[in-house]
Amino acid sequence: MSHRLYIETVGCQMNMLDSEMVVADLRKRGYELTSDVKVADTILYNTCSVRAHAEDKVYSALGTLKLMKKRNPDKIIGVMGCMAQKDQQVIFKRAPYVDFIVGPGQLQQVPDLIDQARLGEEQQMAVGLGRREGSNDDIKRSHETFDPLRDPTMRPTPYQAYLRIQIGCDKFCTYCVVPNTRGPEQGRPPQQIVEEAKVLADQGCLEITLLGQTVNSYSYTDGQGKTTRMSDLLKMLHEVNGIKRIKFVTNYPRDMKQELLETIRDLPKISPYLHVPLQHGSNDMLKRMRRGYTVEEYREMMHLIWDTLPNAAVSSDFIVGFCGETDEEFQTCIDSVREFRFKNSFIFKYSEREGTKAESMLIDDVPYQVKQERNNALLAVQNEVSEAENIKFIGHAVDVLVEGPSKKADKLEQNGPLKQMVGRTHCDRIVVFDGNERQAGQILPVSIYETTPFTLFGAVVTQEAGPEVYAL
Ligand code: 5AD
Ligand code: SF4
């Protein structure tokens, strides 16, 4: 009988992609996926360390497995990803029945670790960044062999896939644990990325989302000294037949250069959607966060974006309640959301992380209650802005990549041919319309007649309706 694998993934898109690779690797070896942890003989958690909340969730899930492992000692439990790299032995202290932990740079070892655990090996640990021990070449090689493994069933939809172009991060923002868990920044070789994009296109992907912690800082220098930058890579990927849309996250403000924006403008497959986290609206706070730019520089970048790509949607991340944040300083975040008119913002309450500069140098002095209030206040303003920006779409048609039935359609248990379908515009806005499941995987023109801060509602444009005014 084949093995049954249960896998749970928390955290960012990079983690979702890592899980896809691990599942592909295990399927090749005869594993089947199950969504029921009780029937699984192999249980994996792919973990995130960016905020304490994500870690607490995993420790509590591990807690629930204690009894199960006692009754069925043959079940193999593995903890993968950022928490494994960051906590290492701590995981075994808190959950001694975990069989192995494996860092984000060692995921290709998962099948061996499982086999060894089955043979009775206890508390195995495969972690390491190559920052001190091992050379950068070691990490590069391990990712090069591992990344092309893909498993279409683990994708967001059959038409969309993530594609890693860069690993790690060197920016060392003071609050952030990522450079400690994912190691130094490295671009993958461009030829490999293009090959992988071709494989994805052959498998039916219409949209690829390029992933990197600071994706627009992408750079790769080959043996002959030839350097490929983000704009060069986009031009190469634009040639891949079958791919209709190319997105990329997450961008670093300082590297959002004119040349890159012009490349986006000139290549129709590149989505005019830019996630460029501002993180804070005050220069003092940005300095304490060591983000490497001022609000004035960010503003200049926004003007460059608006001038070059007038239709672009820009989204941001914010951290509220970071060390020493006063009411006045917080207010600058509100002002910047109003000024920069982000499509949406992901807002996070500061969560102190072990091993970061902020933990050792600054005091986490904003009470939780205040963080919560500031989070709510900023979200309310962002929602106002999102709503005002979305209303502008009413009366316009947009090209929607149809992803499938909406969650609401599932809830409504619509059984007839007419279903509420969901998809996204080129600029990453969510669109809901009445359609049918056969439309999934098509790019259709949809005319928008209603909006909320989060969604555009519309109807597929029919021939009879006549010409439409198009938006992106
Ligand atoms: N606390 C809260 N939010 C954080 N982020 C990163 N580190 C922390 C932290 N310690 C947020 C940043 C980043 C996003 C992925 O997570 O806004 O852009
Ligand atoms: Fe973390 Fe800053 Fe790197 Fe983003 S750029 S992953 S916030 S250290």
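Placed above this text is the structure.
The structure displayed is predicted, hence computed values, not measured ones. (Residues numbered from 1 in each chain as written. Chains lettered and ligands numbered in written order. Predicted model: local features only at pLDDT ≥ 70, side-chain atom pairs only at ≥ 80, totals over all residues. Heavy atoms only, no water.)

**Q** Now, about the pairing of strand β3 (residues 42–47): what can you tell me, with residues and values included?
**A** Within β3, six of the six residues are buried, which leaves it mostly tucked inside the rest of the structure. Neither face of β3 is open: one carries Thr42, Leu44 and Asn46, the other Ile43, Tyr45 and Thr47, and all of them are buried. Relative to strand β4 (residues 76–81), β3 runs parallel, the two being bridged by six bridges. Among the inter-strand pairings, leucine 44 is bridged to a residue of β4, identified as glycine 78. Taking the sense of rotation as the criterion, the β-α-β connection linking β3, helix α2 (residues 52–71) and β4 turns out right-handed. (Buried < 20%, exposed > 50% of the residue type's maximum accessible area, 1.4 Å probe, protein only. Helix = DSSP H or I, 4+ residues; strand = E, 2+ residues; numbered from the N terminus. Pairing = 2+ DSSP bridges. Right-handed = clockwise from strand over helix to strand, strands pointing away.)

**Q** Quick rundown of the site of ligand 1? Include the residues and the values.
**A** The full set of residues close to ligand 1 is Val50, Arg51, Tyr175, Gln279, Asp317, Ile319, Phe348, Lys349, Tyr350, Ser351 and Arg353. Taking tyrosine 175, its main chain carries an N or O atom lying 3.0 Å from a nitrogen atom of ligand 1. At 2.8 Å, a backbone N or O of serine 351 approaches a nitrogen atom of ligand 1. Protein chains shield 85% of the accessible area of ligand 1, which is 410 Å² for the free molecule. (Near = heavy atom within 4 Å. Polar contact = N/O pair within 3.5 Å; in protein donor to acceptor, adjacent residues only side chain to side chain. Areas by Shrake-Rupley, 256 points an atom, 1.4 Å probe, with all protein chains shown as cover.)

**Q** Which residues make up the layout of surface pockets, and what are the values?
**A** By volume, the second largest pocket amounts to about 370 Å³. Breaking the lining of the second largest pocket down by element, the ones donating at least two residues are α12 (295–308) and β15 (313–320). Taken together, the residues that form the lining of the second largest pocket break down as eleven nonpolar, two polar and five charged. Both of domain 3 (284–391) and domain 4 (397–471) provide at least three residues apiece to the lining of the second largest pocket. (1 Å grid on protein atoms, 1.4 Å probe; cavity = no way out; pocket = protein on both sides within 12 Å on 5 of 7 lines; lining within 4 Å. Points joined across faces, edges and corners; volume = space filled by probe spheres on them. Nonpolar A, V, L, I, M, F, W, Y, C, P; charged D, E, K, R; others polar. Domains from an automatic or database assignment.)

**Q** Mind laying out the site of ligand 2, listing which residues take part and the relevant values?
**A** As a structural note, the neighbourhood of ligand 2 is formed by Cys169, Lys171, Phe172, Cys173, Tyr175, Cys176, Val178, Pro179, Gln213, Thr214 and Arg291. For the shell around ligand 2, the residue count by class is seven nonpolar, two polar and two charged.

**Q** Provide a residue-level description of the packing of helix α1 (residues 13–28) against helix α5 (residues 110–118), including the pertinent values.
**A** Viewed as axis vectors pointing N to C, α1 and α5 meet at an angle of 60°, and their least axial separation amounts to 9 Å. Classified by the interaxial angle, the pair formed by α1 and α5 is oblique. Here Val22, Asp25 and Leu26 of α1 lie close against α5, whose contacting residues are Val110, Pro111 and Ile114. Its residues assigned to classes, the contact of α1 with α5 shows five nonpolar, no polar and one charged. (Axes fitted to C-alpha atoms, helices over the stretch in contact; angles between N-to-C directions. Parallel < 35°, antiparallel > 145°, perpendicular 65-115°, else oblique. Contact = heavy atoms within 4.5 Å.)

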